[in-house]
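Take a look at the letters that make up each chain.
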Amino acid sequence: MRQIILSDKCGFCMGVKNAFNKSLECSTKMQHICCYGEIVHNKFALQQLTDRNITVENDINRIIASPDIENVIIRAHGIPPNEEQRLHQTKNVIDLTCPNVKKVQNLAQNLAERDFFIIILGKVNHPEIKGICGYCEGHYIVVRSLSELEANSAMLHNCERLAFISQTTANYKDFDSIAGYLATHYPNTEIHRTLCHAPIAIQNASTELAKRVDIMIIIGDRQSANTATLYNLCCEHCRTFFAETPADLSGIDWTGVERIGISAGSSTPESQIMRIREYLDNIQ
Ligand code: SF4
C-alpha cells in the first residue's frame, strides 16, 4: 500500500491565512474592495479573490484617484505610515498587516524616536521593507548581506546609537553573520532578532520529510520565491517534482514508489494542496 504523507507544516502561514480569510469575509459585507498589492503570490488564491470582486492595484495614486474604490485592504506585508495616512483620508482602510510585521514596524518607530541609526537586513524593494523603512524617520540603511554592510561601514563610525533588525523572512544565516560582526566591531549595538519562524519551520519539516520518502511533491505557484526555495531544498534529499496542478504530475513513473511526501510554500492555499492530494490518492 503506497503511503502519502503531508508535511505537518506547509501552506499559508498565520499572517497570509489571516489576510486571505479576512479579505474573503469582507467581500460578504462590502463592495468595491481593492487590495493594495497582491495579497499572496499564488494565482489560484488570487483567482478566489477575483471571483469575489476584490481587485488588485499596485499604484496608491490610482487607488486614491479611483471613485470606484471605497475599501482598501492592506496586505500582510504592511505599508509605510505616510501611505496609510493618505489612504485614510478618502477610503475605508482594512488593515491586515501581519501582527509579526506590525511588531517590527513598532520597534523601528521606537528606535527612530530614541535616535538610533537602524541597520535593516532585507531586500530594499520588498514591500515589507518599504513599510518598515517608513517608520525609521530616515535614519537607516538596508543591506542584503554582511559584505554589503562592511562596504558601507564608514557611515556607522559616527553613529552614537546603533540597532539591528531584519525583514521577517530574511535568511537567518545572514542575520547571524551580521549580528556577530556588529557584536565584535560595534558592541553597543541593540540587536533585535525580528525573523519569523514560519518559513523556517516549513523548510525544516519539508526537508525532514524528503529524507523519509521516495518522491517529494512541492505544490505552489511557479512565481513564488518561498516555494522555489522549498523545491531546491528537497531536491537535495530525494526525487522532487513541482506541481501547480495535477497535470504537472502526469508524466511521473510511479513504479516502485512506496512513500510520497507533499509540501507547499507559505503562499499556497489549502484548496490547491487538496486538489493534488486527491489526485495522488487515486494514482495506481
Ligand atoms: S511569514 Fe511570518 S511575518 Fe510573514 S506574513 Fe507569514 S507569519 Fe507573518
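So, here is what we can say about the structure in this document.

About the thresholds
Residues numbered from 1 in each chain as written. Predicted model: local features only at pLDDT ≥ 70, side-chain atom pairs only at ≥ 80, totals over all residues. Near = placed C-beta within 6 Å. Helix = DSSP H or I, 4+ residues; strand = E, 2+ residues; numbered from the N terminus. Expected span 1.5 Å × (residues − 1). Buried ≥ 20, exposed ≤ 12 C-beta atoms within 10 Å, placed from the backbone. Arc of directions from axis to C-beta. Contact = placed C-beta atoms within 7 Å.

## Things to note about the site of the ligand
At step 1: Contacts to the ligand come from 14 residues, most closely from Cys13, Gly15, Cys98, Asn100 and Cys196.
At step 2: Secondary structure elements with two or more residues in the shell around the ligand: α1 (14-27), α5 (99-113) and α9 (197-210).
At step 3: Considering every element that reaches the shell around the ligand, the biggest residue donor is α1, with three residues.

## Quick word on the environment of Asp8
At step 1: By the element assignment, Asp8 lies in the loop between β1 (3-6) and α1.
At step 2: In the structure, Asp8 is positioned 261 residues away from Pro269 in sequence and 15 Å away in space, judged by C-alpha atoms.

## Structural notes on α5
At step 1: Taking 1.5 Å per residue as the helical rise, α5 with its 15 residues ought to reach 21 Å, and the 21 Å between its terminal C-alpha atoms agrees with that figure.
At step 2: Every buried residue of α5 is accounted for by Asn100, Val101, Val104, Gln105, Ala108 and Leu111. In a view along the axis of α5, the buried residues occupy a sector of 145 degrees, so they form one face of it. Residues Pro99, Asn106, Asn110 and Glu113 are exposed on α5 and point more than 90 degrees away from its buried face.
At step 3: Buried residues along α5 sit in contact with α1, β6 (117-121), α6 (127-133) and β8 (162-166).
At step 4: Remark: Asp115 follows α5 within two positions and exhibits a positive phi of approximately 65 degrees.

This is a description of form; function is not addressed.
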